[in-house]
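# Report on the structure
Residues per chain, in single letters:
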Amino acid sequence: MQTRPEKNKRWVVKIGSALITADDTGLHLDNIHHWSTQFATLMDDGVELVLVSSGSIAEGIHRLQWKERPTALNELQAAAAVGQMGLVKAYESELRSHGRHTAQILLTHDDLSNRKRYLNAKSTLGTLLHLGVLPVINENDTVTTDEINVGDNDNLAALVANLISADQLIILTDQKGLFNKDPNKHADAELIRNATAGDPALLDIAGPSTNKLAIGGMQTKILAAERAARSGTNTVIASGREPDVLLRLHRGESVGTFLKATHKKLVAHKLWLANQLKARGTIIVDSGAYKRLSDGECSLLPVGVTAVEGEFRRGELVSIRSAEGCEIARGLVNYNATEAALLIGCQSENISERLGYAHEPELVNRDNMVAVNVRHE
Ligand code: GLU
């Protein structure tokens, strides 16, 4: 089965820390040289490229000559600040030798959940691509905390792929791709060459987090592919150590695991909504409402609500779930948590009677709601 598209123009390439740095020697400048040469060739060939590169914390630890990775947040943040300098310097000098500029972009989850900043980031990335510059993106680890971080660069790369409507997300890792069983334990494990992004069987194959593959973050990559598919972006998971891996993919060669996006593309506003990673609260609905909401095409009315959890304000993001905890949709809520709790089971025409006023007849309007296909960890 040949499912790889012949031509695709806009790529996000993500490179993981394990490929970029080694404990004893710091940045793998040789690897960075090889990838950068490929970036330049692809860009000359008309591919619009965005790089999401990890490695700042690992490089910072190396530069500061710390014996082990710290656990204190302020030390991790300091290491990221030091290491990011080395990371961008390496890409910048490599790309300069090919006559290309690079641009550093450090993002937090906050930047992507704030609609105005999200649109600014989108427009800046578009301008840089138009100018033929290579944006080099990382999470802004120096200012992030658990509250506002994306957490891993696979997910960040998928969010960026959504942001720029990339044709392809290429996740370079230290494994050849996704295998049908753990290749460290089974000599007959086979590389999965083609699959569908979002196929639930893939997560089972990658195994629980104690599995060797998952330690390499394979589950995260599969979830990232599922997220990327929302913008119609196909994903390739391949080894960054394969010679000329990016050029071969560009030629249409089958390298690594190809995860095809088969979902219907979400429209821009709903895509932004779907990528809000952190819901402020949860609204539990009855089975009738759950069924109606499944396709994301109807509003959530208070009558279908059975419970409200968390503290949220009007306009904030809530997760809509079944009594069993299965998430069906996310949306911007029209009432705060206290009001929503008072409205449990209420017919819309009785809202003003219960509250003394009524904003809207729906708890979440369908225009501000998106069905959830991507599982959240
Ligand atoms: N942003 C982190 C770093 O540059 C890496 C996060 C990840 O690899 O997922 O060190």
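This is a predicted model, so every value here is computed, not measured.

For the chain, the helix and strand inventory stands at 15 helices and 15 strands. For the chain, the C-alpha radius of gyration of 22 Å lies close to 21 Å, the compact-globule estimate for 377 residues. Along the first, second and third principal axes, the C-alpha set of the chain runs to 70 × 45 × 40 Å. Scored against the burial criterion, the 377 residues of the chain give a buried share of 53%. Considering only residue pairs separated by 6 or more positions, the chain has 74% of its internal contacts joining residues 24 or more positions apart. Put simply, the chain has 41 plus and 46 minus side-chain charges, and the middle of one group is 4 Å from the middle of the other.

A separate point is the sheet that holds strand 4 (residues 48-53). Reading across the sheet, the eight strands line up as 5-6-4-1-7-9-10-8 and stay open at both edges, with mixed pairing between neighbours. Two strands close off the open sheet at either side, each with one partner strand: strand 5 (102-107) and strand 8 (194-196). Going across the sheet, the axis of each strand differs from the next one's by a mean of 20°, ignoring polarity. As paired strands, strand 1 (residues 10-15) and strand 4 are joined by six bridges and run parallel to one another. Paired with Lys14 across the strands is Val52, a residue of strand 4.

The local shell around the ligand consists of Ser17, Ser54, Gly55, Ser56, Ile57, Asn138, Asp141, Asp152 and Asn153. The contact in question runs from an oxygen atom of the ligand to an N or O atom on the backbone of Gly55, over 3.1 Å. Side-chain polar atom of Asp141 to a nitrogen atom of the ligand: 2.8 Å apart, as the coordinates give it. Summarising the interface, the protein chains cover 83% of the accessible area of the ligand, which totals 290 Å² for the free molecule.

Turning our attention to the environment of Val133. In this fold, Val133 is placed in the loop between helix 6 (115-130) and strand 6 (134-139). Exposure remark for Val133: the relative accessible area of 11% places this residue in the buried category. For Val133 and His263, which are 130 residues apart along the polypeptide, the C-alpha to C-alpha distance reads 30 Å.

Each value, and the rule that gives it
Throughout, a residue's number is its position along its own chain's written sequence, starting from 1. Side-chain atom pairs in this predicted model are given and counted only at pLDDT of 80 or more, local residue features only at pLDDT of at least 70, and totals for whole chains, interfaces and linings cover all residues. In computing side-chain properties, one takes all heavy atoms of the structure into account and sets aside hydrogens as well as water. Under the scheme used here, helices are H or I runs from DSSP no shorter than 4 residues and strands are E runs no shorter than 2 residues, and both carry numbers assigned from the N terminus. Values of the radius of gyration come from C-alpha atoms, whereas the globule rule sets the reference at 2.2 Å times the count of residues to the power 0.38. Summary of the burial criterion: residues with accessible area below 20% of their type's maximum are buried, those above 50% are exposed, and those between are partly exposed, where the area comes from a 1.4 Å probe applied to protein chains only. By definition in these notes, contact holds between two residues if any of their heavy atoms fall within 4.5 Å. The positive count covers Lys and Arg only, the negative count covers Asp and Glu only, and His and the chain ends enter neither. Charge placement uses NZ in Lys and CZ in Arg. For Asp and Glu, CG and CD serve respectively. Any two strands with at least two DSSP-identified bridges between them are counted as paired. In this analysis, axes come from line fits to C-alpha atoms, helices being fitted only over the stretch in contact, and the angle between any two N-to-C directions falls in the range 0 to 180 degrees. For each residue, the test is whether any non-hydrogen atom lies within 4 Å of the molecule or strand; if one does, the residue is near. A 3.5 Å cut-off defines polar contacts: any pair of N or O atoms within that distance qualifies, except that in protein one atom must be a possible hydrogen donor and the other a possible acceptor, and neighbouring residues in sequence count only when both atoms are side-chain atoms. For the area figures, the Shrake-Rupley method with a 1.4 Å probe applies, and any residue is considered shielded solely by the protein chains shown.

Note that all results are geometric; they support no functional claim without further evidence.
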